[in-house]
Structures are given as structure tokens and as C-alpha cells.
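# Coordinates in review
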Amino acid sequence: MIITDTHTHLYSEEFDQDRDLMIQRAIKAGVSRFFIPAIDSATTQAMYTLEKSYPENIFLMAGLHPTYVKDDFEVQLAHVEKQLSERKFYAVGEIGIDLYWDKTHLPQQQTAFRTQIQLAKQYQLPIVIHCREAFDEVFAILEEEKGPDLFGIFHCFTGTHEQALQAISYNMKLGIGGVVTFKNGKIDQFLDQIAIEHIVLETDAPYLAPVPYRGKRNESSYLSNIVEKLATIYQLSEEEIAAVTTENSKVIFGI
């Protein structure tokens, strides 16, 4: 059984004490494909180091996270563009809009999101979207940019059934992680109405650990808890959930 974690921050300092052990736990649990989103230029070297250590398992993205869009965002975007021109990446992400922490940089976030979508199109790559309290703003830009060259993953999807269908209409898969196991997560109430061909798995480790680890550090091995929950929701075997969602990830990332 091959399970794919489409979104895990393995370079995070939360893993500095036991990173290799944590990755080995995940591989032992069947999670052998890790897609690593970028945050900003400060994470780049750590990502390259990880890739060098696990070249068969780790696949990198390039991008500027919306909460790191500050007054110097154009410098950061230039770094993203330079990386994309120099080597292979599997997505542009994570990118998007986040209005939970700070609304003052919304115009800059919108510009950064548009710019990175256009970079993804230029390099024929998927995008991985971060959206927090910003569905309307994200959808407005996706509407502008929609077309056959726009595709990717709506990371950590926490919206309504209607918002799920809208995201899918823009050629997005829904990234499903720990939230599906939360009592107040709500997405488990309609997910069975979404064809599993539109679903990929993720942890967002070290964040958003699933039940029974909620509130603790998340790690990629806990993806087995997400597989178990989805098997119940879709009335499929865990092997089928792993196989279909891994195939969906291959459709997006091309590997």
C-alpha cells in the first residue's frame, strides 16, 4: 500500500530533534511519497537538504506562502522565479490568500497569488492553494485565471459542499487531512457526495494532527488515520483509498 502525503513541512524546526526517525515511521506506515511546500526563501536550503537525503521519496514545490507576503514580497517572488528557472519542481505552492492573521497586505497577497499562478502556467506546473478566511478572494482570482492550464490542489480544504464543487470546477483536487477527523470539522458530512477522484491526502505536518493526536505535533505517519476515516466515509477499503488518492496525486504532480 503506497500512501501519498501531498503536503508536509518536513523541514519544520518542530522535527529538528527526530526528523529521520519521523520519516522512517511514515515510510513504515506506507507513506512513501512526500510533497514539500515552500514558505519563503528562508526554507529553500532546508528543502534541498531533505531532497538530497531522500531523493526517491521527497518532491519539492517552489512558492511564497501568503502569510509571508510582506513589503518585500517582490524580492521573494523573484527568488521563486529564479528557482523555477534553475531546476525541476513539482508544483508552485503553497500560494494563495490568508486573511485570518492579517488583512493589511491583502493587495500584495492578491498580486503574489496572481503572479505565482502565471509562473505555474509558464512552467506547466500545478498550484497548491492556501486559503484561510478568503474563499471569495481566492475564487475571484481563480475565475480570472481559469482554463486548461490552471490545475492543482486546494490544500487543507475546509469549505462547504458548494465551495468544494466550485474548487473542483477550477481543476482543483481537494487536499483532505486531519480536519476530516474533527467533530466540528464539517467536511465529513458531505465528502461522500464528492467523487473520490477529486481527493488527495495530506497532513500539513507539523500542524492539524488528526484525532486521536489532535493538539499534538502532526507527522506524516498519521496519514493512516486519515485513510481509515475516508475508508469509513466512502465505504471503501483502506487499500482502495490509498491507491486512488495516490493515483490522483500522480495526475496532479506528474510523478
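Here, every reference points to the structure presented above.
### As for the sheet that holds strand 7 (residues 172-176)
Two strands in a sheet stick together by hydrogen bonds in their backbones, pointing the same way (parallel) or opposite ways (antiparallel). Sheet architecture is open: five strands sit in the order 4-5-6-7-8, paired in parallel fashion. Each edge of the sheet is formed by a strand with only one pairing partner; in this case those strands are strand 4 (92-98) and strand 8 (199-201). Ignoring strand direction, the axes of neighbouring strands in this sheet form an average angle of 30°. For strand 6 (residues 152-154) and strand 7, the ladder comprises three bridges, and the chain directions are parallel.

### A word on the layout of surface pockets
To find leftover empty space, a probe the size of one water molecule is rolled over the atoms. In this structure, the largest pocket spans a volume of roughly 930 Å³. Breaking the lining of the largest pocket down by element, the ones donating at least two residues are strand 4 and strand 5 (127-132). Looking at the lining of the largest pocket, the element that brings in the most residues is strand 5, giving three residues. Taken together, the residues of the lining of the largest pocket sort by class into 12 nonpolar, 10 polar and nine charged.

### Here's the deal with the packing of aromatic side chains
Each aromatic ring pair is described using two quantities: the centre-to-centre distance and the angle formed by the ring planes. Taken as a whole and assessed by the stated rule, the structure comprises 11 aromatic pairs. Seen from their ring centres, Y100 and W101 are 4.7 Å apart, and the 85° between their planes marks the pair as edge-to-face. Classification of Y100 as partly exposed rests on a relative accessible area of 37%. A ring pair is formed by F139 and Y170, whose centres lie 6.1 Å apart and whose planes are at 35°; its orientation type is tilted. Here F139, found in helix 5 (residues 135-145), pairs with Y170, found in the loop between helix 6 (161-169) and strand 7; they are 31 residues apart in sequence, far enough to count as distant.

### Let's talk about unusual backbone geometry
Across residues other than glycine, the phi torsion is negative in most instances, and most of the peptide bonds are trans. For the peptide bond that leads from G93 to E94, omega is 0°, which places it in the cis range. Here E94 lies in strand 4. In the segment running from A205 into P206, the intervening peptide bond is cis, with an omega of 15°. Mapped onto the fold, P206 is located in the loop between strand 8 and helix 7 (223-234). Within the chain, N171 stands out as a residue other than glycine whose phi angle is a positive 65°. Assignment of secondary structure puts N171 in the loop between helix 6 and strand 7. A relative accessible area of 38% means that N171 is categorised as partly exposed. You will see that D204, though not glycine, has its phi angle at about 60°, which is positive. Structurally, D204 is set in the loop between strand 8 and helix 7. Judged by relative accessible area, D204 falls into the buried class, the value being 9%.

### Topic: the pairing of strand 2 (residues 31-36)
For strand 2, a buried count of six out of six residues is recorded, marking the element as mostly surrounded by other parts of the structure. Pairing analysis gives three bridges linking strand 1 (residues 3-5) to strand 2, with the strands arranged parallel. In the sheet register, D5 faces strand 2, and the bridge partner there is F34. Direction of pairing for strand 2 relative to strand 3 (residues 58-60): parallel, over a ladder of three bridges. Residue pairing across strands places I36 opposite L60, the latter belonging to strand 3. Tracing the backbone out of strand 2, into helix 2 (residues 44-53) and back to the parallel element strand 3 gives a crossover that is right-handed.

### A few points about the sheet that holds strand 1
Strand order in the open sheet formed by three strands is 1-2-3, with parallel pairing between adjacent strands. Two strands bound the open sheet, and with one partner strand each, they are strand 1 and strand 3. Across the sheet, the mean angle from the axis of one strand to that of its neighbour is 20°, orientation sign disregarded.

Calculation criteria
Residues numbered from 1 in each chain as written. Predicted model: local features only at pLDDT ≥ 70, side-chain atom pairs only at ≥ 80, totals over all residues. Heavy atoms only, no water. Pairing = 2+ DSSP bridges. Helix = DSSP H or I, 4+ residues; strand = E, 2+ residues; numbered from the N terminus. Axes fitted to C-alpha atoms, helices over the stretch in contact; angles between N-to-C directions. 1 Å grid on protein atoms, 1.4 Å probe; cavity = no way out; pocket = protein on both sides within 12 Å on 5 of 7 lines; lining within 4 Å. Points joined across faces, edges and corners; volume = space filled by probe spheres on them. Nonpolar A, V, L, I, M, F, W, Y, C, P; charged D, E, K, R; others polar. Phe/Tyr/Trp six-rings, centres within 6.5 Å; stacked < 30°, edge-to-face > 60°. Buried < 20%, exposed > 50% of the residue type's maximum accessible area, 1.4 Å probe, protein only. Right-handed = clockwise from strand over helix to strand, strands pointing away.

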